[in-house]
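Per-entry structural report
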Amino acid sequence: MRSLRSWFEKTFPLQGQAPHRAERRTVPGLEAIHWTGSSPGLDIVRNISATGMYLVTRERWPQGEVNPIRLVNPELKDDNPDRQVTLETKAVRWGEDGMGLNFLLPESMDLWLWKTDGLIEPEDILSEFRLARALSFLRRICPSATLELKLLFREGLSNLRIATAISIAHRAEAMLAAERDFDRLRAPQNLVMRVIQEGSWAEDSTTQQLWAGVLATACTLVGDDESNLPYIDLLAELASIDGRLFTTACTKSQKVFASSGAVSAQPLICSAQELIQIAGAHDLMKIDRNIFQLSLLGLIEPRVKSKFFNFEQEANLTPTALGLELFARCQGHRGAPHDYYALQPGSSDSSSKEESAPQT
């Protein structure tokens, strides 16, 4: 009963209630990398809370100095995105063997580090920071979805889908970071919720990137642009292999630019061996079904054969105008597809001449 009340008070504090000092705990194995000072390197985190940490280090940054710190779990592989989190910190005090640092977090970033009274692992801390950052970004672009997003992330998704949704949010935030008025961009609530709910099923980074682009391009100063909803319907139909094939079709095909402003692709024919490499799978029948799915969605040119191909045959992976349009949006481009592809490496700035009707 006591633990239930404690959880409720932490999650839904009473309005006007005096805030308690942030609980600090020791998390064995949690370490931090810093690049500033006389002895940059890897140091031990003695204890940590939702507001700061004590770092065992020879460094003594001046009080008030701000520097980035990267929290890491050395036991995880270097290519694991859950291995690290980079934060801005401010030095607030010195100790005999280190210094105390406060976290400089976004205003809407709420950390819930101590979910249980038991042992907390380093990966639990890093995952919570990544989740809180993702929620902070999503709440900023869609304040009206705050409560719904909290419930979805805290209770409505499996751990695997939460990790995927976090990845999508972080990728979208990175795509928007360089844009003018970044902090003022907003997106419609129904679109944000659909991206998280349906995009969280995406299993690989290629497809997650497509979802991130759709979320990023839905963000505008007004916040009422729902033009990406049809693209969400298409992305929701893509499995991992579909996403890899589609991405390759749009990036590898040679583009043709018409004087009218339209963009199309020259035929992209791939051998069975090439498709196996692109798809990351050896089952040609499965790959063929994925190609057929993309053609049914209108993202690549229609199939002209009725049987599965074999190792001696080739397959058409030419993207359609709709496919090129969708892919441009998924790369963070809001304008005409022609403008996006004209800037890509290998593209020609000159438009192709449209065929004129024969004279009679």
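Everything discussed here concerns the structure shown above.
These numbers come from a predicted model, not from an experiment.

1. Considerations on the pairing of strand β5 (residues 84–94)
Across seven bridges, strand β4 (residues 66–72) lies against β5 in antiparallel orientation. Looking at β5, one finds that V72 is bridged to Q84. Sheet topology places β5 next to strand β6 (residues 98–103); five bridges connect them, and they run antiparallel. Looking across to β6, one finds that W94 is bridged to M99.

2. Focus on the packing of helix α8 (residues 240–252) against helix α11 (residues 321–330)
Contact geometry for α8 and α11: axes closest at 10 Å, N-to-C directions at 95 degrees. The orientation of α8 relative to α11 falls into the category roughly perpendicular. Together, F246, T247, C250 and T251 of α8 and G323, L324, L326 and F327 of α11 make up the contact between the two elements. Here the contact of α8 with α11 is composed, by residue class, of five nonpolar, three polar and no charged.

3. Some points on the environment of R130
Along the chain, R130 turns up in helix α2 (residues 122–141). The buried category is assigned to R130, whose relative accessible area is 12%. Placed 36 residues apart in sequence, R130 and I166 show a C-alpha to C-alpha distance of 6.9 Å.

4. A few points about unusual backbone geometry
A positive phi angle is found at D181, which is not glycine, with a value near 60 degrees. Its location among the elements puts D181 in the loop between α4 (159–176) and α5 (189–199).

5. Details of the sheet that holds β4
Taken in spatial order, the six strands close into a barrel running β1-β2-β3-β6-β5-β4, and their pairing is antiparallel. Adjacent strand axes in the sheet meet at a mean angle of 45 degrees, parallel and antiparallel pairs treated alike. Contacts from α2 reach β2 (41–48), β4, β5 and β6 within the one sheet, and its direction differs from that of β5 by about 100 degrees.

6. Focus on the pairing of strand β3 (residues 52–56)
Burial analysis of β3 places four of its five residues in the buried class, which makes it a mostly covered element. One ladder, built from four bridges, connects β2 with β3; its direction is antiparallel. Within β3, the residue paired with V45 across the bridge is L55. Counted between consecutive antiparallel strands, the loop separating β2 from β3 contains three residues. Where β3 lies against β6, five bridges are found, and the strand directions are antiparallel. Among the inter-strand pairings, L55 is bridged to a residue of β6, identified as M99.

Basis of the calculations
Residues numbered from 1 in each chain as written. Predicted model: local features only at pLDDT ≥ 70, side-chain atom pairs only at ≥ 80, totals over all residues. Heavy atoms only, no water. Pairing = 2+ DSSP bridges. Helix = DSSP H or I, 4+ residues; strand = E, 2+ residues; numbered from the N terminus. Axes fitted to C-alpha atoms, helices over the stretch in contact; angles between N-to-C directions. Parallel < 35°, antiparallel > 145°, perpendicular 65-115°, else oblique. Contact = heavy atoms within 4.5 Å. Nonpolar A, V, L, I, M, F, W, Y, C, P; charged D, E, K, R; others polar. Buried < 20%, exposed > 50% of the residue type's maximum accessible area, 1.4 Å probe, protein only.

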